[in-house]
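A look at the structure
Each chain, written out:
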Amino acid sequence: MRFMPIRNKPSILAQKSSRLTKKTLRWLIVLSTIPLFGFVTAFGIAPHSPSLHEVEIKEVVRDLYLPEVLPELDASSEQSFWRQETIRRGDTIAAILDRLDVDQHDKRDFLLAARDSRAMRQLQPGKIIYAQTTADGSLLTLRYFFGNEELFLMEKTEQTFRMSEQKIELESQIQMKSGTVNSSLFAATDNAGIPNSIAAQMIDILASEIDFHRDLRRGDRFTVVYETLIDSSGEAAKTGKVIAVEFTNQRKTYQAIYFQSSNGDFGYYTPEGESLRKAFLKAPLDFSRISSGFSNARFHPVLKKWRAHKGIDYAAPTGTPVKATANGKVTFAGTQRGYGKLIIIKHDDQYETAYGHLSGFAKRLSNGARVSQGDVIGYVGMTGMATGPHLHYELRVNGVQRDPSKIALPTATPIAKKDLVAFQNQAESLLSRLDIMRNLHLASND
């Protein structure tokens, strides 16, 4: 037997081990840098690589130096933010400043500086107050558009608040937004960057076509074209009106176009020129939940027995505004047995509506008063036989309560023939805008 001499040359196994060690280190370095570059890739094993039992595996540990993480921003820094608050019924500026998280020192100084302000005595529910504050609650600027295009402006200069009230010229700009309903309509409009006042207009415009209390579904889509009014500095001062809106509810699409006729009348119409304003709104509240529907047999929660429920109950917080569903004359505003505080409106010889369990009536509302569709006539409460705050609403035809969801109600007058060409031209332009925005939204979701 012959023995080969041993030479000073590394064995094949040692070479493989050395190559593996270097290769392992290189891969460790590559893998550790992936989070730094912000991409992800996939790795596989080459088909002709040696199996793991053929090589010696050694653990190699090396220090990897990563860049320092940037420090978090200081929450108490002087970075400022613009916020907005909608004025509520019975609001005071002090309550609004509290909701804006303004610190007590600035709140006191503001109230002192604004003690003689006309605007602060004209806090109109539904309007918006804009405030610029720092993270720690320091108030820098507050703006409120009141009256007939007048601006209340309070600015902090050298730790002192300076107030001005002046009439301003506003310029209209067109905004287009789209969204999809995943939980609620207002959540969807918030996600799309649509102001609450525009969302409320959308509901009002389509209230005769869509029952937003019962018909809304996940996946419903909407596109809206609306005005934003800007001041001379180019900053958004307030939102204007909806010019066009499209809403797809349960796969059925509704469209509305704003148009002002030659005689000054204005409203919202279908692309064919039919008025969207029905004689009656589908619901007397902007947004709520139906707690009890129209029924011939319902277990009464107070009387504890079965009886007919000849109306619809809308559950809503106490103080929620209640609207007249049609033009008419108030024939009763007072208290009546189980209804509690009740309003009855006569609309013509055939139709009448009733609004029960109210907490109160709108100012200057009395027997004989004329009201228009959409006017606030009272506020949700729980007077009379009620176990919680809600509105009991009835539609009566020839003195008999009828289910509003199952009765055909008359519509308003369509576009006049003399205005039809002007309307068609305006509708064509606005429908093109809706098409563009809808398609962009759908493409972004694909």
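Residues numbered from 1 in each chain as written. Predicted model: local features only at pLDDT ≥ 70, side-chain atom pairs only at ≥ 80, totals over all residues. Heavy atoms only, no water.

1. Remarks on empty space enclosed by the protein
Summed over all chains, the structure comprises 2 cavities of 30 Å³ or more. Reported here for the largest cavity is a volume of approximately 120 Å³. Around the largest cavity, the lining comprises 13 residues; the ones closest to its centre are Ile203, Ala207, Ala283, Leu285 and Asp286. Of the residues that constitute the lining of the largest cavity, the class distribution is 7 nonpolar, 1 polar and 5 charged. By volume, the second largest cavity amounts to about 40 Å³. (1 Å grid on protein atoms, 1.4 Å probe; cavity = no way out; pocket = protein on both sides within 12 Å on 5 of 7 lines; lining within 4 Å. Points joined across faces, edges and corners; volume = space filled by probe spheres on them. Nonpolar A, V, L, I, M, F, W, Y, C, P; charged D, E, K, R; others polar.)

2. A look at the side chain of glutamate 227
Structurally, glutamate 227 can be placed in strand β7 (residues 221–230). By relative accessible area, glutamate 227 is classed as buried at 14%. Ignoring sequence-local partners within four residues, the contact set of glutamate 227 consists of Ser172, Gln173, Ile174, Thr239, Gly240, Lys241 and Ile243. (Helix = DSSP H or I, 4+ residues; strand = E, 2+ residues; numbered from the N terminus. Buried < 20%, exposed > 50% of the residue type's maximum accessible area, 1.4 Å probe, protein only. Contact = heavy atoms within 4.5 Å.)

3. So, helix α5 (residues 196–205)
Looking at α5, one finds that the buried residues are Ile198, Ala199, Met202, Ile203 and Ile205. Along the axis of α5, the buried residues cluster in a sector spanning 170 degrees; they form a single face. (Arc of directions from axis to C-beta.)

4. Side note on the pairing of strand β21 (residues 390–397)
With 8 of 8 residues buried, β21 is to be regarded as a mostly interior element. Taken together, the 6 bridges between strand β18 (residues 351–361) and β21 define a ladder with antiparallel strand orientation. Pairing of glutamate 352 across the sheet is with arginine 396, part of β21. With 3 bridges joining them, β21 and strand β22 (residues 400–402) adopt antiparallel strand pairing. Across the sheet, the residue bridging to valine 397 is valine 400, located in β22. (Pairing = 2+ DSSP bridges.)

5. Brief notes about the sheet that holds strand β4 (residues 150–157)
Note: strands within a sheet are paired through backbone hydrogen bonds, in either parallel or antiparallel orientation. Strand order in the open sheet made by the 5 strands is β1-β2-β3-β4-β5, with antiparallel pairing throughout. Each of the sheet's edge strands pairs with one partner strand only, and the pair in question is β1 (80–86) and β5 (160–167). Ignoring which end each strand starts from, the neighbouring axes of this sheet average 15 degrees apart. Of the pairings in the sheet, the one linking strand β3 (residues 139–146) to β4 comprises 6 bridges and is antiparallel in character. Bridge pairing links tyrosine 144 to phenylalanine 152 in β4. Running at roughly 45 degrees to β5, helix α3 (residues 104–113) makes contact with β3, β4 and β5 of the sheet. (Axes fitted to C-alpha atoms, helices over the stretch in contact; angles between N-to-C directions.)

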